[in-house]
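# Structure assessment
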Amino acid sequence: MSAAMSARSTARTEGVDKTRALQRVLYRSARQDPHRRFHALYDKVARSDILYRAWVEVRSNRGAAGVDGVTIEEVVQSGVEVFLDTLAAELRAQTYRPAPLRRVYIPKPGKPGERRPLSIPTVRDRVAMTAAKLVLEPVFEAGFLPCSFGFRPKRSAHDALEVVRVESNRGGQWVVDADVRDCFGSISHQALIAEVERRVSDGAMLKLVRAWLRVGVLEEGVVTDTVSGTPQGSPISPLLANVALHAFDEAWAQHGRRLGTLVRYCDDFVIICPTEARANEARRLVAAMLAESGLQLHPDKTRIVELTEGRQGFEFLGFHCHKVRSQRWQGRWYLKRWPSRRAMRSVRDKVKQATDRRHASWPVDEVVADLNRVLRGWGNYFGHADVPEKLWAIDSYTYLRLERLMRIKYGRGFKGRRWFARVYPQLGVYGLRQNWPLRPAKA
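Below or above, wherever it landed, is the structure these notes cover. Just so you know, these numbers come straight off a predicted model, no measurement behind them. (Residues numbered from 1 in each chain as written. Predicted model: local features only at pLDDT ≥ 70, side-chain atom pairs only at ≥ 80, totals over all residues. Heavy atoms only, no water.)

## Observations concerning the packing of helix H2 (residues 18-32) against helix H4 (residues 48-61)
Definition in use: Note on definitions: angles span 0 to 180 degrees between N-to-C directions of axes, and those axes are lines fitted to C-alpha atoms, for helices only across the stretch in contact. For the purposes of this entry, the term helix denotes a DSSP run of H or I that reaches at least four residues, the term strand denotes a run of E that reaches at least two, and both are numbered from the N terminus. When an angle is under 35 degrees it counts as roughly parallel; over 145 it counts as roughly antiparallel; between 65 and 115 it counts as roughly perpendicular; any other value is oblique. Any pair of residues with heavy atoms lying within 4.5 Å of one another is described as a contacting pair.
Packing of H2 against H4 brings their axes to within 9 Å, and their N-to-C directions diverge by 105 degrees. Looking at the two axes, H2 sits roughly perpendicular to H4. From H2, Lys-18, Thr-19, Arg-20 and Leu-22 reach across to H4, where they touch Asp-49, Ile-50 and Arg-53.

## Focus on the packing of helix H10 (residues 189-197) against helix H12 (residues 237-256)
The N-to-C vectors of H10 and H12 enclose an angle of 90 degrees; their axes lie 9 Å apart at closest approach. Between H10 and H12, the angle is such that the two are roughly perpendicular. Residues Leu-192, Glu-195 and Val-196 of H10 form the contact with H12, whose own contacting residues are Leu-240, Val-243, Ala-244 and Ala-247.

## Overview of the layout of surface pockets
The cut-off we apply is this: Think of a 1 Å grid over the protein atoms and nothing else: a 1.4 Å probe that fits but is trapped marks a cavity, an open set flanked by protein within 12 Å on at least five of seven lines marks a pocket, and residues with an atom within 4 Å of a point count as lining. Grid points are joined across faces, edges and corners, and a volume is the space filled by probe spheres set on the points. For this classification, Asp, Glu, Lys and Arg are treated as charged, while Ala, Val, Leu, Ile, Met, Phe, Trp, Tyr, Cys and Pro are nonpolar and the rest, including Gly, are polar.
Empty space within the second largest pocket amounts to approximately 980 Å³. Around the second largest pocket, the lining comprises 37 residues; the ones closest to its centre are Lys-133, Glu-137, Phe-151, Arg-152 and Pro-153. Listed by contribution, the elements that provide at least two residues to the lining of the second largest pocket are H2, H4, strand S2 (115-120), helix H7 (123-141) and H12. If one sorts the elements of the lining of the second largest pocket by residue count, H7 sits on top with seven residues. Residue composition of the lining of the second largest pocket, grouped by class: 16 nonpolar, eight polar and 13 charged.

## Let's talk about the side chain of Ser-340
For clarity, the threshold we go by: We call a residue buried when its accessible area falls under 20% of the maximum for its residue type, exposed when it is over 50%, and partly exposed in between, using a 1.4 Å probe and counting protein chains only.
The residue Ser-340 is located in the loop between strand S11 (333-339) and helix H14 (341-354) in this model. Given the relative accessible area of 4%, Ser-340 is considered buried. Leave out the neighbours within four places in its chain, and Ser-340 touches Glu-315, Gly-318, Phe-319 and His-320.

## With respect to the environment of Val-127
Relative to the helices and strands, Val-127 resides in helix H7. On the accessibility criterion, Val-127 (0% relative accessible area) is buried. Between the alpha carbons of Val-127 and Tyr-381 there is a distance of 28 Å; along the sequence they are 254 residues apart. Excluding anything up to four places from it in sequence, Val-127 contacts Leu-51, Ala-54, Trp-55, Val-58, Phe-83, Leu-84 and Leu-87.

## As for the environment of Thr-302
Convention followed: Residues adjacent in sequence count toward polar contacts only when both atoms are side-chain atoms; beyond that, a polar contact is any pair of N or O atoms within 3.5 Å, and within protein one must be able to donate a hydrogen and the other to accept it.
Its place among the elements puts Thr-302 in the loop between helix H13 (276-291) and strand S8 (303-306). Take Thr-302: its relative accessible area is 4%, and that puts it in the buried class. Thr-302 sits 124 residues away from Ala-178 along the chain, and the two C-alpha atoms are 4.6 Å apart. The residues contacting Thr-302, other than those within four sequence positions of it, are Asp-177, Ala-178, Asp-179, Arg-283 and Leu-297. Reaching out from Thr-302, the side chain makes a polar contact with the backbone oxygen of His-298 at a distance of 3.0 Å.

## A look at the environment of Phe-248
Here Phe-248 is to be found in helix H12. Overall, Phe-248 belongs to the buried group, its relative accessible area being 2%. In this structure, the C-alpha to C-alpha distance between Phe-248 and Met-289, residues 41 residues apart in sequence, is 6.1 Å. In this structure Phe-248 touches Leu-262, Arg-264, Phe-269, Val-286, Met-289 and Leu-290, once residues within four positions along its chain are discounted.

## Some words on the packing of aromatic side chains
Both the distance between ring centres and the angle between the ring planes are used here to describe each pair of aromatic rings. Here is the rule: Aromatic contacts are taken between Phe, Tyr and Trp rings whose centres are within 6.5 Å, Trp giving its six-membered ring; a plane angle under 30 degrees counts as stacked, one over 60 as edge-to-face, and the others as tilted.
One pass over the structure, following the stated rule, counts 13 aromatic pairs. Plain terms: the ring middles of Phe-248 and Phe-269 are 5.2 Å apart, the flat faces sit at 45 degrees to each other, and that makes the pair tilted. Here Phe-269 lies in strand S7 (residues 268-273) and Phe-248 lies in helix H12, a separation of 21 residues in the sequence. Each member of the pair, Phe-248 together with Phe-269, is buried.

## Thoughts on the sheet that holds S8
Filter applied, for reference: We call two strands paired when DSSP finds no fewer than two bridges between them.
One open sheet holds the four strands; their spatial order is S6-S7-S3-S8, and the pairing between them is antiparallel. Here the strands that pair on one side only, and so sit at the sheet edges, are strand S6 (261-265) and S8. On average, each strand axis in the sheet is tilted by 20 degrees relative to the strand beside it, whichever way the strands run. One ladder, built from five bridges, connects S6 with S7; its direction is antiparallel. In the strand pairing of S7, Val-263 is matched with Val-270.

## Quick look at the sheet that holds S11
Taken in spatial order, the three strands make up an open sheet running S9-S10-S11, and their pairing is antiparallel. The open sheet is flanked by strand S9 (313-316) and S11, the only strands paired with a single partner. Shown here is a sheet whose adjacent strand axes are inclined to one another by a mean of 30 degrees, direction ignored. Note: S9 against strand S10 (residues 319-325), four bridges, orientation antiparallel. Among the inter-strand pairings, Gly-313 is bridged to a residue of S10, identified as His-322. Where helix H8 (residues 157-169) meets the sheet, it contacts S9, S10 and S11, and its direction lies at approximately 155 degrees from that of S11.

## Considerations on H12
Given 3.6 residues per helical turn, the α-helix brings residues three or four places apart onto the same face. Short version of the rule: Expected helix span is computed as 1.5 Å times (number of residues minus one). Two axes enter the bend calculation: one fitted to the seven residues ending at the residue in question, the other to the seven starting there, and the bend is the angle between them.
With 20 residues, H12 ought to run about 28 Å at 1.5 Å a step, and its terminal C-alpha atoms sit 27 Å apart, in line with that. Along its length, H12 reaches its greatest deviation from straightness, about 35 degrees, at Leu-245. Of all 20 residues making up H12, 15 are buried, and the element is well covered by its neighbours.

Given below as structure tokens:
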């Protein structure tokens, strides 16, 4: 039975749309036969339902224009249907060619003065990349290992942090805190394509992936060819990074599992080990495994941390992880996590910007709405901390910044701190203390 017929029957029996049905069929087929190579995938990328789903994802993620200057709003104004039909025709005729990426630099959160390069594809290319991701993701997802958490369906950073907590409390006293040097920019194209070819034999699909890898980057009017790496900022880049690092996951499961537990979130990973000797051996083994994909550990940022009795801690996925003494069980230590200094500094900077004196002329409701977007987004991620005092400190900082802005706004009309304390609860500011109250820590 063909994938198309299986997808139609799946859509009827399971009550899902055609795109989701196709993904389920591809996933089950790849799961049932781990060595199967799929030969008919490219035609699915040009399907109208796949392209429309890709367009919806691209539009929801918004994003800036590429080198052609075409924005999402302009595509909507000119007609989405015409835009998608034209792209589908190019894909079917195999005349589609990606445009160069537009290079921009964005500030690194919590690192003043440092910037991260970002490569922005055109809207047209982003839709095509997302469509290909929708087709390829279930094929590779079926083979990804449990140690991988980043940019995968139904797996999150909090799931990865929970594994770190459990393994540390089970006896993991040493951690290899790894940092891969320029992962997205250093992945070997040859090694990556070899990994893709393990599950895909469709020549047209492989040609499409190669085109995205080799497309140049436009910076200051000059197009530079890319000979390694995946374009950081493109929709398909996280999937390709996971595909490239899957070889590392497999190698660790085969040769390094005895040394400790690997927890990887895309290119950010830690290894929890019971002894210092195993941690040192794990570090040497990891360096050798990554070299096969053209990657290397950062010598200055990769370190071995001792967790015993809270002697040291480490940062992972924005949280600082540290063992603290149990208040219930004498002599017992267990892992706690709280927002890192960089995360705290980052949200304070955003609160400061939202309450800057230049906003004194704004209506208070608009200032609060801007503040709430910052606080709610930060709280949804860092609200899972085991030390609520860190969250409450942001509440206090927000209160002081808003009081300062009100003093500037009303001048002599400001009625004092007691008046502001009575008014503040009525402003509707998102409170981390109210939305993320104290929870009993897990041992």
